[in-house]
2 protein chains.
Amino acid sequence: MERLLRRIDDEIVSTGGKRSRSRAHIMGIFFRSGRHLTVEELTRKARVKNRNIGAATVYRTLKLLARMGYAKELDFGEGAKRYESSLTAHHDHLVCTSCGNVAEFEEPRIEKLQEKVARQHGFSPTMHRLAIYGQCRGCAPSGEKEKTG
Amino acid sequence: MERLLRRIDDEIVSTGGKRSRSRAHIMGIFFRSGRHLTVEELTRKARVKNRNIGAATVYRTLKLLARMGYAKELDFGEGAKRYESSLTAHHDHLVCTSCGNVAEFEEPRIEKLQEKVARQHGFSPTMHRLAIYGQCRGCAPSGEKEKTG
DNA sequence: CCCCAAAATGACTATGATATTCATTTTCAT
DNA sequence: ATGAAAATGAATATCATAGTCATTTTGGGG
Ligand SMILES: [Mn+2]
Ligand SMILES: [Mn+2]
Ligand SMILES: [Zn+2]
Ligand SMILES: [Zn+2]
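Not measured: the values here are computed from a predicted model.

## What about the overall build of chain A?
Then step 1. Summing up its helical and strand segments, chain A has five helices and six strands in all.
Then step 2. Ordered by position in the sequence, the α and β elements of chain A form the string α-α-β-α-α-β-β-β-β-α-β.
Then step 3. Its C-alpha atoms give chain A a radius of gyration of 19 Å, more than 25% over the compact-globule value 15 Å for 149 residues.
Then step 4. Counting all 149 residues of chain A, 40% fall into the buried class.
Then step 5. Total accessible area computed for chain A in this model is approximately 9000 Å², and 49% of it derives from carbon and sulfur atoms.
Then step 6. Side-chain charges of chain A comprise 28 positive and 18 negative groups, with the mean position of each set lying 6 Å from the other.

Right, here's the structure in full:
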């Protein structure tokens, strides 16, 4: 973890950038926090330890991490984007439209089929976005109660 | 087609709405046009015949059609949403990041696997968004030219 | 055809996420 | 320590979309 942060900073320096306290703080919180954070959520967390972190810096840091390949931008259609560390293996998402919870899944057969479909269309895929929306276990009506509301 | 427009208007009337020239014009162009249109694109087309169609009305019409189930909102992460008629069967999209072209595909096995994955997570899916990004046939480098740029 | 209340319109303004600007502060090689 | 480049943060700009509101359109009685 410390290793990771140092590696990223080194990479920034090697491309003409400079180290920065604010950015280091933001990155630390980002990689330590739960996944699928909003810029606003991350800013709030960052400001707990350093009251004068600006939202602009959080936006810039996340964009930088995304550009460097250490973060992924997610868009579940909520208005604001979410970000997650890209250190874990590729996966797609289950988004609960009731409580907002986001679960992750990996399905190699879906991945394969996507490759296949793309190939059949003469298409060279570089990435994809798959999000399944619905109700998570806790939010789905089990029997038939609460049809209204 | 005329039938469809009349059916939609009737449905609007049956829920307390009134017919409208502007809206009829916008709907006509929407259903007649190619798929995956932006509000701005549709507004431009609509204004050719009627110079004073307001963008607000196009937004409202599209929202209305979406609410009534006759249009689907798509978001390929371009900034602006796209809309398509929902009269065709469900399908997902291949988006070319070079020329912007959007192709459609249907892969029942992917659909099934999504259901299965959701079930395994105790999740009740209601919809999903799948978009594959990359280069279409015309935009993909065939051999090995143009590695840079 | 006329009236009129409800609905729709379109110009304008508001909103909200994100990007940009710019004066100030940090960083760091010399 | 010094200075130039990079980073910051507050303020402002941008851009898609939503809301406001005065005006126009619609359509069901007279
Ligand atoms: Mn995830
Ligand atoms: Mn389509
Ligand atoms: Zn839930
Ligand atoms: Zn293309």
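## Describing the relation of the copies chain B and chain A
Then step 1. Mapping chain B onto chain A calls for a rotation angle of 179 degrees and an axial translation of 0.0 Å; the resulting RMSD is 0.1 Å. Classification of the inter-copy transformation places it as that of a two-fold axis. Closest approach to the rotation axis within chain B is made by the C-alpha atom of Leu-130 of chain B, at a distance of 2.2 Å.
Then step 2. A shared binding surface is used by both copies, with 100% of the interface residues of chain B retained as interface residues in chain A.

## A few points about the pattern of salt bridges
All names here are of chain A.
Then step 1. Summed over the entire model, instances satisfying the criterion amount to 16 salt bridges over all chains.
Then step 2. Among the salt bridges present, the one from Glu-84 reaches Arg-35, with a minimum N-O distance of 3.2 Å. One end of the pair, Glu-84, is in strand 3 (residues 82-85); the other, Arg-35, is in the loop between helix 2 (21-32) and strand 1 (37-38), and 49 residues separate them in sequence.
Then step 3. Of the residues examined, Arg-35 reaches a relative accessible area of 27% and is grouped as partly exposed.
Then step 4. One salt bridge in this structure joins Lys-63 and Glu-73, with 2.4 Å as the shortest N-O distance. With a gap of 10 residues between them, Lys-63 in helix 4 (residues 55-68) and Glu-73 in strand 2 (residues 71-74) connect regions that are remote in the sequence.

## Details of the interface of chain B and chain A
Then step 1. Contacts between chain B and chain A engage 34 residues on the former and 34 residues on the latter.
Then step 2. Sorting the residues of chain B by area buried against chain A places Phe-123, Arg-129 and Tyr-133 of chain B first, and these three jointly supply 21% of that buried surface.
Then step 3. Counting across the interface, chain B meets chain A through zero salt bridges.
Then step 4. On the surface where chain B and chain A come into contact, there are 12 residue pairs in polar contact (both at pLDDT 80 or more).
Then step 5. Elements with a minimum of two residues in the side of chain B that touches chain A: strand 4 (92-96), strand 5 (102-105), helix 5 (108-120) and strand 6 (124-135) of chain B.
Then step 6. Element by element, the count of residues in the side of chain B that touches chain A is highest for strand 6 of chain B, at 12 residues.
Then step 7. Partitioning the side of chain B that touches chain A into residue classes produces 18 nonpolar, nine polar and seven charged.

Conventions and cut-offs
Residues numbered from 1 in each chain as written. Chains lettered and ligands numbered in written order. Predicted model: local features only at pLDDT ≥ 70, side-chain atom pairs only at ≥ 80, totals over all residues. Heavy atoms only, no water. Helix = DSSP H or I, 4+ residues; strand = E, 2+ residues; numbered from the N terminus. Rg over C-alpha atoms; globule rule 2.2 N^0.38 Å. Buried < 20%, exposed > 50% of the residue type's maximum accessible area, 1.4 Å probe, protein only. Areas by Shrake-Rupley, 256 points an atom, 1.4 Å probe, with all protein chains shown as cover. Lys, Arg positive; Asp, Glu negative; His and termini not counted. Charge placed at Lys NZ, Arg CZ, Asp CG, Glu CD. Least-squares fit on C-alpha atoms with pLDDT ≥ 70 in both. Contact = heavy atoms within 4.5 Å. Salt bridge = Lys/Arg side-chain N within 4 Å of Asp/Glu carboxyl O. Buried area = accessible area lost by both parts, 1.4 Å probe. Polar contact = N/O pair within 3.5 Å; in protein donor to acceptor, adjacent residues only side chain to side chain. Nonpolar A, V, L, I, M, F, W, Y, C, P; charged D, E, K, R; others polar.

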